[in-house]
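# Fold and geometry: a report
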Amino acid sequence: MAEFDALHKLANRLQALKKQAKALGMFINDREFLECPNCVLKESLASENTLYTYRYVAIDDDTGLHFPESDEDGKSVCPECGATVKGEWL
């Protein structure tokens, strides 16, 4: 029973850390990067483990746009053109 309690505390701590990292704009590897099939806006990861979006013509230039949280079906909306974007949740 003590092992279960320790594991439960560890799991709760991990969830709290994920929530804190997400609030700081960090990517927590809970899904794949999103890419709009319509306007080809794409997510990538900066060296600080933060998400940024770019266009293929300027891969190093952050557009400042961010895909909103996906719904329960893994669908999001492109912040550039409004197209539906589907991502795989891990």
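See the structure above.
Residues numbered from 1 in each chain as written. Predicted model: local features only at pLDDT ≥ 70, side-chain atom pairs only at ≥ 80, totals over all residues. Heavy atoms only, no water.

## Some points on the layout of surface pockets
A volume near 300 Å³ is recorded for the largest pocket. Lining the largest pocket are 17 residues, with Lys22, Arg31, Leu51, Phe67 and Glu69 positioned closest to its centre. Taken together, the residues that form the lining of the largest pocket break down as 8 nonpolar, 4 polar and 5 charged. (1 Å grid on protein atoms, 1.4 Å probe; cavity = no way out; pocket = protein on both sides within 12 Å on 5 of 7 lines; lining within 4 Å. Points joined across faces, edges and corners; volume = space filled by probe spheres on them. Nonpolar A, V, L, I, M, F, W, Y, C, P; charged D, E, K, R; others polar.)

## Focus: the packing of aromatic side chains
Taken as a whole and assessed by the stated rule, the structure comprises 3 aromatic pairs. Ring plane angle 35° and centroid distance 5.1 Å describe the contact between Phe27 and Phe33, whose orientation is recorded as tilted. On the basis of an interplanar angle of 40° and a centroid distance of 5.9 Å, the ring pair of Tyr52 and Tyr54 is categorised as tilted. A network of ring pairs unites the aromatic residues Tyr52, Tyr54 and Tyr56 as a single cluster. (Phe/Tyr/Trp six-rings, centres within 6.5 Å; stacked < 30°, edge-to-face > 60°.)

## Details of the pairing of strand β1 (residues 42-45)
Sheet topology note: the β1/strand β2 (residues 51-54) ladder contains 4 bridges and is antiparallel. Residue pairing in the sheet places Lys42 in a bridge with Tyr54 of β2. Adjacent in sequence and paired antiparallel, β1 and β2 are bridged by 5 residues, among which Asn49 carries a positive phi angle near 65°. (Pairing = 2+ DSSP bridges. Helix = DSSP H or I, 4+ residues; strand = E, 2+ residues; numbered from the N terminus.)

## Comments concerning unusual backbone geometry
What you tend to see is this: most non-glycine residues have negative phi, and most peptide bonds are trans. With a phi angle near 65°, Val40 is a residue other than glycine that sits in the positive phi range. Summarising the element assignment, Val40 is placed in the loop between α1 (2-23) and β1.

## Focus: the pattern of salt bridges
Should their charged atoms come close, side chains of opposite charge can pair. Within this structure, the stated rule accounts for 4 salt bridges. In this structure, Arg31 engages Glu43 in a salt bridge whose closest nitrogen and oxygen atoms are separated by 2.7 Å. Placement of the pair is Arg31 in the loop between α1 and β1 and Glu43 in strand β1, with a sequence separation of 12 residues. Taken individually, Arg31 and Glu43 each receive the classification buried, so the pair is uniform in this respect. With a shortest N-O distance of 2.8 Å, Glu80 and Arg55 are connected by a salt bridge. Taken together, the residues Glu80 in the loop between β3 (75-77) and β4 (84-86) and Arg55 in the loop between β2 and β3 connect sequence positions 25 residues apart. For Glu80, a relative accessible area of 39% gives the class partly exposed. You can call Arg55 partly exposed: its relative accessible area is 33%. (Salt bridge = Lys/Arg side-chain N within 4 Å of Asp/Glu carboxyl O. Buried < 20%, exposed > 50% of the residue type's maximum accessible area, 1.4 Å probe, protein only.)

That's the geometry; what it means functionally is another story.
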